[in-house]
Each structure stands twice: as C-alpha cells, then as structure tokens.
Amino acid sequence: MSVLVTGSAGRVGSRVVRRLLDAGRAVTGFDLRSAGIAHPAFREVVGGFDDRAKAAEAVPGADVILHLGAFMSWLPAARDKLFSANVEGTRVLLEEAAGLKLSRFVFASSGEVYPENVPDYLPVDEAHPRKPRSSYGLTKLLGEELVRFFERTSGTPATILRFSHTQDANELLDPTSFFSGPRFFLQPKIRQQESFGNAAAVALLKQADDGPEALVLSRNEAGRPFRMHITDTRDMVEGILLALDHQGAAGQTYNLGATAPVDFAEALPRMAQLTGLSLKTIDLPGAGVFYETSNAKIRAELGYEPRWTFDRMMDEAAQARATRVS
Ligand SMILES: NC(=O)c1ccc[n+]([C@@H]2O[C@H](COP(=O)([O-])OP(=O)(O)OC[C@H]3O[C@@H](n4cnc5c(N)ncnc54)[C@H](O)[C@@H]3O)[C@@H](O)[C@H]2O)c1
C-alpha cells in the first residue's frame with residue numbers, strides 16, 4: 001500500500017511518515033519543506049499542495065492519502081496564504097485524487113471548527129454545531145466540506161479527525177516554541193499580543209514584566225484560569241493510524257486528542273517548580289480560553305487510548321529544557 005502524507009515535514013506528519021516506513025509501507029511525502037528522511041521506500045515532492053503541477057506530481061500511485069499538512073496562523077496579514085493553503089490546496093489535492101481508487105482519505109481538521117471558547121455545551125462532542133470563530137477554524141470547516149463532497153462524488157471513504165491542540169513534549173518549556181512560547185512565557189506572550197494588536201492585553205502583560213524570563217498563568221477577565229486540551233504528538237499519531245486502518249472509521253468524524261483538559265491553575269505552578277522561573281498571574285481581557293472536548297467516540301469505536309498525560313509530557317519537557325540550558 002502506498003500512502004501519500006501531506007505535511008510530511010511537520011510535527012505530526014513527519015512522525016506519521018516514520019511510523020509508516022517502519023511498518024513496511026511505501027510513503028510519498030508532500031510538503032513545502034523536505035522532511036529530511038532518507039529511506040528506500042520514501043519518495044518526496046517538495047512544493048505547495050495549492051500548486052496543481054506539484055499536486056499532480058505527488059498524488060499518482062497513492063492508495064491512501066493522509067492530508068495532514070496545513071498553514072497555521074491567526075494573523076490577519078496571513079489570511080490570503082491561509083485560505084490558499086488550507087482551502088484551495090485541499091480542493092486541488094482532492095481534484096487530483098479524484099481519478100484514483102483510494103481506499104481511504106484522512107483529513108486533519110481542528111477543534112477550531114467549534115466555537116471552543118463560547119460553546120453551546122461542554123464537553124464538546126462531534127454533534128456540537130460547527131461555528132468557527134477564527135479564520136483558521138473556518139478554513140478547516142471548508143476543508144471538511146470539500147472532503148465530504150469528494151467522498152460523495154468519488155466514492156472514496158473519508159475520515160475527518162478534529163485535532164486537539166498538539167505539541168511535542170519537548171516544546172512545552174521552550175520559550176521559542178511557536179505555540180508554547182506565547183502560551184506559557186511572558187515575553188513571547190507580549191510579542192504575540194502585540195502582533196495581534198491587543199493593546200489592553202499588552203499593557204497588562206508589560207506591567208508584569210520585570211526583566212528576567214518568567215512564566216504566565218493566564219486567566220480571563222473574571223479570574224477564571226485558562227483550560228484547554230494539549231495532546232502529545234505521539235498520541236495523535238496513534239489516532240491517525242487507527243483512522244487509516246480501522247474499517248469502522250470510514251465515513252466518520254472524530255475528535256482526536258487527550259482525554260483530560262489541562263487546567264492552567266495546576267499546570268503553571270508545576271512548570272514554575274520544574275524550571276525555577278517566577279510565575280505571573282494575569283487576568284486578560286475577554287472570555288479567555290476555557291473548553292473541554294470529548295474523545296469518547298474515537299475511544300469507543302476505534303479503541304483509541306492516549307498514553308501521554310500532561311504530567312508525563314511535562315517531565316519530558318523539563319528534561320529537554322535542562323539539556324538546552326546546560
Ligand atoms: N498542532 C496543533 O496544535 C494542531 C491543532 C489542530 C489541528 N492541527 C492540524 O494538524 C495538522 C498537522 O499539524 P502540525 O502541528 O504537524 O503542524 P506543522 O506546522 O508542524 O506541520 C504542517 C506542515 O504543513 C506544511 N505546509 C503548510 N502549508 C503548505 C502548503 N501550502 N503546501 C504544502 N505543505 C504545506 C508545512 O510546511 C508544515 O511542514 C495540520 O493540518 C494542522 O492544521 C494542528
């Protein structure tokens with residue numbers, strides 16, 4: 001079986017490629033960047049999936065497609081690129097695949113198709129109305145519709161996975177990490193909020209900045225600590241492989257992620273203890289981040305069982321940080 005993996009140089013995709021190669025499968029990677037994987041069963045197309053010539057080069061020969069690549073940005077200035085990569089790119093890829101006899105198409109969607117921070121109910125399950133609040137979430141909703149249209153018109157069974165927020169454990173205590181830096185560290189958070197133009201948040205954060213590197217416990221304007229799911233990449237890979245091979249996954253949509261959400265009121269003091277950094281508690285304007293997503297469906301139907309609790313991830317993050325600092 002030959003598997004086409006888009007996003008093959010990314011956090012999730014590169015790990016999936018390695019697992020498939022280890023299992024003896026032939027893999028084509030398709031990404032803007034090289035995955036840097038040298039293996040006789042690995043072919044690579046470097047280019048954009050919104051570039052039809054590149055898509056036409058990548059798709060032929062595939063028995064299965066895992067569409068894991070996407071552009072992630074929440075900056076207004078990046079919106080053209082966002083829709084081009086995630087919507088137009090998905091359309092072009094699906095059109096190029098329309099003539100193939102694929103046994104499965106798996107699409108990496110996102111929990112951002114839901115209105116995660118203003119949900120109709122908690123925990124958010126797959127039946128929750130899709131009402132994205134970010135342009136990124138909207139591109140994923142449009143991607144889902146393109147995938148279901150392709151499924152209806154081509155007969156290829158598709159599985160949509162609505163990904164939890166995903167991190168490599170060693171990113172959690174790294175202030176340079178794209179996600180964990182601004183989420184947990186004060187100065188990267190100031191830079192992020194400046195780039196979003198959130199002047200009130202910037203002012204509050206700057207008041208707390210006394211110079212040295214510090215962690216930040218984010219709460220909303222009413223003092224409610226943030227809560228969200230953060231899932232280890234390794235657990236996401238297990239879910240993707242189940243969606244690829246499990247007969248029962250055909251035509252289904254699943255939330256994929258850790259079982260328990262991360263409560264920042266518990267996690268941040270632990271991070272401060274592990275790093276020796278000071279912890280600033282900041283009440284940011286607005287409703288803040290607060291959600292819980294149910295993974296009950298994928299656990300019940302596919303036997304998914306995530307193994308990397310946030311505590312385990314943090315232990316690994318602390319070791320990685322110690323290695324970086326020494
Ligand atoms: N990491 C998360 O928290 C998270 C949460 C929800 C959903 N997702 C989704 O999961 C998938 C994997 O995420 P990740 O964390 O591995 O992201 P990542 O950024 O590490 O990897 C995405 C890859 O896609 C590639 N890419 C971007 N635009 C492209 C284009 N036009 N053509 C070809 N390749 C392109 C990038 O070069 C990158 O290697 C993505 O679809 C993402 O939207 C991720």
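Residues numbered from 1 in each chain as written. Predicted model: local features only at pLDDT ≥ 70, side-chain atom pairs only at ≥ 80, totals over all residues. Heavy atoms only, no water.

## With respect to the domain arrangement of the protein chain
Then step 1. What the domain assignment reports for the protein chain is domain 1 (2-163) and domain 2 (169-228 + 260-291 + 309-325).
Then step 2. Listed by partner, the interface residues are seven residues for domain 1 and nine residues for domain 2.
Then step 3. Taking both sides of the interface into account, the surface hidden between domain 1 and domain 2 amounts to around 860 Å²; carbon and sulfur atoms contribute 63%.
Then step 4. Put simply, domain 1 and domain 2 have one salt bridge between them.
Then step 5. When the shortest N-O distance is used, the salt bridge between Glu171 and Arg11 registers 2.9 Å.
Then step 6. Linking domain 1 with domain 2 are two residue pairs in polar contact (both at pLDDT 80 or more). (Domains from an automatic or database assignment. Contact = heavy atoms within 4.5 Å. Buried area = accessible area lost by both parts, 1.4 Å probe. Salt bridge = Lys/Arg side-chain N within 4 Å of Asp/Glu carboxyl O. Polar contact = N/O pair within 3.5 Å; in protein donor to acceptor, adjacent residues only side chain to side chain.)

## Brief notes about the pairing of strand 11 (residues 253-256)
Then step 1. Of the two faces of strand 11, both are covered, the one formed by Thr253 and Asn255 as well as the one formed by Tyr254 and Leu256.
Then step 2. As judged from the four bridges shared by strand 6 (residues 158-163) and strand 11, these two strands associate in the parallel manner. Bridging across to strand 11, Leu161 finds its partner in Tyr254. (Buried < 20%, exposed > 50% of the residue type's maximum accessible area, 1.4 Å probe, protein only. Helix = DSSP H or I, 4+ residues; strand = E, 2+ residues; numbered from the N terminus. Pairing = 2+ DSSP bridges.)

## Considering helix 8 (residues 233-245)
Then step 1. For helix 8, spanning 13 residues, the distance from its first C-alpha to its last is 19 Å, which sits close to the expected 18 Å at 1.5 Å a residue.
Then step 2. What helix 8 keeps buried is the set Thr233, Asp235, Met236, Val237, Gly239, Ile240, Leu241, Ala243 and Leu244.
Then step 3. The distance from a side-chain oxygen at the start of helix 8 to the backbone nitrogen of Arg234 is 2.8 Å, and the residue carrying that oxygen is Asp232. (Expected span 1.5 Å × (residues − 1).)

## Re helix 3 (residues 79-97)
Note that an α-helix has 3.6 residues per turn; residues three or four places apart therefore point the same way.
Then step 1. Taking 1.5 Å of rise per residue, 19 residues should cover 27 Å, and helix 3 covers 26 Å from first to last C-alpha, within 8% of that figure.
Then step 2. Burial in helix 3 covers these residues: Leu82, Ala85, Asn86, Val87, Gly89, Thr90, Val92, Leu93, Leu94 and Ala97.
Then step 3. Structurally, helix 3 contributes buried residues whose contacts are with strand 1 (2-6), strand 2 (26-31), helix 2 (52-58), strand 4 (64-67), strand 5 (104-110) and helix 4 (135-154).

## Re the packing of aromatic side chains
Then step 1. If you walk through the whole model with that rule in mind, you get seven aromatic pairs.
Then step 2. Ring geometry for Trp74 versus Tyr136: centroids 4.9 Å apart, planes at 55°, classification tilted. Taken as a pair, Trp74 in the loop between strand 4 and helix 3 and Tyr136 in helix 4 lie far apart in primary sequence, 62 residues in all.
Then step 3. Tyr136 sits in the buried class, given a relative accessible area of 7%.
Then step 4. On the basis of relative accessibility, which here comes to 27%, the residue Trp74 falls in the partly exposed class.
Then step 5. The rings of Trp74, Tyr136, Phe178 and Phe179 are connected pair by pair, giving a single aromatic cluster. (Phe/Tyr/Trp six-rings, centres within 6.5 Å; stacked < 30°, edge-to-face > 60°.)

## Some points on the side chain of Ser218
Then step 1. Within the secondary structure, Ser218 is located in strand 8 (residues 214-219).
Then step 2. Judged by its relative accessible area of 0%, Ser218 falls in the buried class.

## Details of the sheet that holds strand 6
Then step 1. Overall, parallel pairing links the seven strands, which are arranged 3-2-1-4-5-6-11 in an open sheet. Unpaired on one side and paired on the other, strand 3 (42-46) and strand 11 mark the two borders of the sheet. Neighbour-to-neighbour, the strand axes of the sheet open up by a mean angle of 20°, direction not taken into account.
Then step 2. Here strand 2 runs beside strand 3; their pairing, made up of five bridges, is parallel. Paired with Thr28 across the two strands is Arg43, which belongs to strand 3.
Then step 3. Strands strand 1, strand 2, strand 4 and strand 5 of the sheet are contacted by helix 3, whose axis makes an angle of about 180° with strand 4.
Then step 4. The strands touched by helix 8 within the sheet are strand 4, strand 5, strand 6 and strand 11, with strand 6 carrying the most contacts at an inclination of about 165°. (Axes fitted to C-alpha atoms, helices over the stretch in contact; angles between N-to-C directions.)

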